[in-house]
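Spelled out, the chains give:
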Amino acid sequence: MAFNEDSRVKLPSILHLIQLGYEYISLKDTEWDVGTNIFTDLFRRSIGKINPKLTKDEIDRLYQEVSIKLENEDLGKAFYEMLTVKSGVKLIDFENFEQNDFHVVTELPYKNGEDEFRPDIICLINGMPLVFIEVKKPNNKDGVIAERERIARRFQNKKFRKFVNITQFMIFSNNMEYDENEIQPWQGAFYASPSYHNPIFNYFREEIGFNYTRILNPLKNGSEDFLLKDTNYQVVKNSPEFQTNKDPNTPTNRVITSLVSKDRLKFMLFFALAYVKETTEYPKTYHALPSVFCDKSYRKKTR
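Some points on the packing of aromatic side chains
Part 1 of the reasoning: Across all of its chains, the model carries 24 aromatic pairs by this definition.
Part 2 of the reasoning: On the basis of an interplanar angle of 35° and a centroid distance of 5.5 Å, the ring pair of F267 and F271 is categorised as tilted. You can see F267 and its partner F271 sitting in helix α10 (residues 262-271), 4 residues apart, about one turn around the helix.
Part 3 of the reasoning: Of the residues examined, F267 reaches a relative accessible area of 46% and is grouped as partly exposed.
Part 4 of the reasoning: The structure contains a cluster of three or more aromatic residues connected by ring pairs, namely Y110, F117, F132, F155, F160, F163, F172 and F201.
Part 5 of the reasoning: For the cation-ring pair, R148 lies above F201, with the distance from its terminal atom to the ring centre recorded as 4.6 Å.
Part 6 of the reasoning: Across the ring face of F210, the terminal group of R264 is positioned such that the distance to the ring centre comes to 5.1 Å.

Observations regarding helix α3 (residues 56-69)
Part 1 of the reasoning: Its 14 residues give α3 an end-to-end C-alpha distance of 20 Å, which sits within 8% of 20 Å, the value for a rise of 1.5 Å per residue.
Part 2 of the reasoning: For α3, the set of buried residues is I59, D60, L62, Y63, V66 and S67. The buried residues of α3 occupy an angular sector of 160° when the element is viewed end-on, so they sit on one face. Of the exposed residues in α3, those oriented more than 90 degrees away from the buried face are R61 and I68.
Part 3 of the reasoning: Looking at the buried positions of α3, the neighbouring elements they touch are α2 (40-50), α4 (77-83) and α6 (161-166).

Describing unusual backbone geometry
Most peptide bonds take the trans configuration, and most residues that are not glycine carry a negative phi.
Part 1 of the reasoning: Positive phi, close to 60°, is recorded for L75, a residue that is not glycine.
Part 2 of the reasoning: The backbone of N175 sits at a positive phi, close to 60°, despite the residue not being glycine.
Part 3 of the reasoning: Turning to its location among the elements, N175 is positioned in the loop between β7 (169-173) and β8 (189-192).

Digging into the pattern of salt bridges
Part 1 of the reasoning: In total, this model carries 25 salt bridges according to the counting rule given.
Part 2 of the reasoning: For D6, the salt bridge is made with K10, and the minimal N-O distance between the two is 3.6 Å. Taken as a pair, D6 and K10 lie in helix α1 (residues 5-19) at a separation of 4 residues, close to a single helical turn.
Part 3 of the reasoning: Across the salt bridge formed by E116 and R118, the nearest N and O atoms sit 2.7 Å from each other.
Part 4 of the reasoning: A relative accessible area of 33% places E116 in the partly exposed class.

Thresholds, definitions, all that
- Residues numbered from 1 in each chain as written.
- Predicted model: local features only at pLDDT ≥ 70, side-chain atom pairs only at ≥ 80, totals over all residues.
- Heavy atoms only, no water.
- Phe/Tyr/Trp six-rings, centres within 6.5 Å; stacked < 30°, edge-to-face > 60°.
- Helix = DSSP H or I, 4+ residues; strand = E, 2+ residues; numbered from the N terminus.
- Buried < 20%, exposed > 50% of the residue type's maximum accessible area, 1.4 Å probe, protein only.
- Lys NZ or Arg CZ within 6 Å of the ring centre and 35° of its normal.
- Expected span 1.5 Å × (residues − 1).
- Arc of directions from axis to C-beta.
- Contact = heavy atoms within 4.5 Å.
- Salt bridge = Lys/Arg side-chain N within 4 Å of Asp/Glu carboxyl O.

This is how it looks when you write it as structure tokens:
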């Protein structure tokens, strides 16, 4: 039986997200706006739920406003300000975070004309693709470094502006533990915030003693079978390697728990990201550091 990054990392990670409260949906059964990759039916339903006084027409106008703001050359700053508002019309309910809708999809095309890429895993909040995860199989140094270079090239492509602007942060993992001796880090699970040039990939270390299994829910009957059938991987279901990689303590599953479990995601979106405006006599460039969003004039980075 042949194993690859899908069976070793991607599919176990999606199952882990399901246990964290995300609902897996098949791209065969739903529609999305290819210009923004927002799942419009999910968006309208979720926005109506957390803003019950809004009419259908008002929700449609809100969506158009979001789409327009995503066209800005501001690394998503205008959209982020809409995303994190806590009064008035809300895109996310931060006061009652569980009232939001959480979904996960795989291989969603990020496409404009002939230019296209498909992140392995995309986390949707109220239908909006705010986080994506790229995975590689272990012991694949060239694959990890090549993926980083591809992301840097894609994010320089102005055809992908809306996708860059809507993405709040990204995770990259080859399901291995960090190697502190590597000059160019490639082994481990890293995160980055968007940049129009070169995203900076950061280590994440959880506090000692953190219980990774405490917040996991049991898989609902049929969830695993539906995922494996939808991705044509029923053959791996009972293999020992697949079962082992579902362990919540694998490097990829650990970083997913640390960054996109619901409480952590709430913190990351509202408190861990910021835009820093810089002045320079040189032409403007856009960068993103996972700790605060920064540029010349804006950079996005995580604090």
